[in-house]
Amino acid sequence: MKSTHYNDNVFINCPFDSDYKPLFDAMIFAVHDCGFVARCALEAGDASQVRIDKIYNIIEDCRYGIHDISRTELDETSGLPRFNMPLELGIFLGAKRFGIEEQERKKCLVMDIEPYRYQKFISDISGQDIFVHNNNPEEIVRIVRDWLGTASGHQTIPGGSIIWSRYQNFLNDLPEVAQELRLEVADLGYFNHYVRVVAGWLSRQPSSKL
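Okay, so let's go over this structure. This structure is a prediction, so every number in the text was calculated from the model and none was measured. (Residues numbered from 1 in each chain as written. Predicted model: local features only at pLDDT ≥ 70, side-chain atom pairs only at ≥ 80, totals over all residues. Heavy atoms only, no water.)

Counting 44 residues, the largest nonpolar core has Ile12, Phe29, Val31, Ile66, Val144, Leu148 and Phe170 as its most contacted members. Ranked by residue count, the leading element in this core is helix 1 (residues 21-33), at eight residues. Discounting residues that sit within four places of it in the chain, leucine 148 has contacts with Val10, Val31, Cys34, Phe36, Tyr64, Gly153 and Ile157. (Core = buried A, V, L, I, M, F, W, Y, C linked by side-chain atoms within 4.5 Å. Buried < 20%, exposed > 50% of the residue type's maximum accessible area, 1.4 Å probe, protein only. Helix = DSSP H or I, 4+ residues; strand = E, 2+ residues; numbered from the N terminus. Contact = heavy atoms within 4.5 Å.)

Further remarks concern unusual backbone geometry. Here the phi dihedral of glutamate 101 falls at roughly 50°; this positive angle occurs in a residue that is not glycine. Note on glutamate 101: relative accessible area 61%, which makes it exposed. Residues other than glycine seldom take positive phi values, yet arginine 182 does so here, at roughly 60°. Considering the arrangement of structural elements, one finds arginine 182 in the loop between helix 5 (160-180) and helix 6 (191-203).

For any two helices packed against each other, the geometry is given by the interaxial angle and the distance between the axes. Packing of helix 4 (residues 137-152) against helix 5 brings their axes to within 9 Å, and their N-to-C directions diverge by 130°. With respect to their mutual orientation, helix 4 and helix 5 come out oblique. Here the hand of the crossing between helix 4 and helix 5 comes out right-handed. In this structure, helix 4 contributes Pro137, Glu138, Val141 and Arg145 to the contact, and helix 5 contributes Gly160, Ile163 and Trp164. (Axes fitted to C-alpha atoms, helices over the stretch in contact; angles between N-to-C directions. Parallel < 35°, antiparallel > 145°, perpendicular 65-115°, else oblique. Left-handed = near helix turned anticlockwise from the far one by under 90°.)

Right, here's the structure in full:
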């Protein structure tokens, strides 16, 4: 059954390590400032639920998906790459291809750090538009904003430069906002807490929509 928020939900599929966190945080802010809701595997949920089933359920509940396939480095411990991002991209594309009704209306954004690099490790998606962010949070904000505006057809989404400026203001206000919500800044490493703070801050801002 489709969620009542299906058309507002955006599945985020990206690295969750500390190196990527500045890009992840900026991406989450941009999604919410565009009027959508970020969802990802880091959400709190039923501890008894198998992780892949949790991902299936979140993807099913999201019309939009943002997939960053840039993390191809070998893990320092195992010496192997992590394949979670390509796997979740494949699940999302499969849901669109083989799903029924609203699942066929899914749309996704795929990003990498360099143009055409993906052709060397996931060539089956050749022919799709891959957007390049160069590991730059400001570029991530612009890409996400432009893609959500085009994919949704919404005409009132703030411009990328406006969202980036608001994000800088948000970062400055972050300690105070966290305190008001009875959270420590350290708590914002948890996805649900960070989303709560982003949503709380945005709810108190004058509209920047065009």
